[in-house]
Amino acid sequence: QPSFPAQMRSVRVTLYAPSWTLKGWSEDSPGFAFWAAMQNAGGVKVFHGEDMVRAVKNRSFSNLQGFDPATTTATRVHLFAHRYSKAVEG
């Protein structure tokens, strides 16, 4: 059970991630991109990495009647970047 030492004000840790995280957010769908689409009668569907391409090819990204996924076109693309702030660099 991890715990924070009572006598210390701060601790430094090193965290290791699996090697596949260099290529994407999940092991089975490489890529650091995501797609949120209002193509689900029950709400939003979200795909990431290569699953975005697979979803269009196998026509699984939409369950709306009369919608043809083969005719999809990206109309807006957004780039998000985030860096966690640190009180002291070093």
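Please refer to the structure higher up on the page.
Attention in this report is confined to the structure presented alongside it. These numbers were taken from a predicted model, which means no experiment stands behind them. The residue count restarts for each chain, going from 1 along the sequence in the order it is written. In view of the model being predicted, local features appear only for residues whose pLDDT reaches at least 70, and side-chain atom pairs are presented and counted only at 80 or more, with totals across whole chains, interfaces and linings using the full set of residues. The basis for the side-chain values is all heavy atoms of the structure; hydrogens and waters are excluded.

Moving on to the pattern of salt bridges. A pair is scored as a salt bridge if a Lys or Arg side-chain nitrogen falls within 4 Å of a carboxyl oxygen belonging to Asp or Glu. This model, assessed by the stated rule, comprises 2 salt bridges. Put simply, E50 and R54 hold a salt bridge, and the shortest N to O gap is 3.7 Å. Think of it in three bands: with a 1.4 Å probe and only protein chains considered, a residue is buried below 20% of the maximum accessible area for its type, exposed above 50%, and partly exposed in between. The class for E50 is partly exposed, based on a relative accessible area of 40%. Between D51 and R54 there is a salt bridge; the shortest N-O distance is 2.7 Å. Here the residue D51 and the residue R54 both occupy positions in helix α1 (residues 51-57), the gap between them amounting to 3 residues, near one helical turn. The class of D51 is partly exposed, set by a relative accessible area of 24%. Since its relative accessible area comes to 36%, R54 is described here as partly exposed. By sharing partners, the salt bridges in this structure join E50, D51 and R54 into a single network. Where helices and strands are cited, they refer to DSSP runs of H or I of at least four residues and of E of at least two residues respectively, numbered from the N terminus.

Attention now moves to the environment of N58. Relative to the helices and strands, N58 resides in the segment after α1. Taking the C-alpha atoms as reference, N58 lies 9.5 Å from A70; in sequence the two are 12 residues apart.

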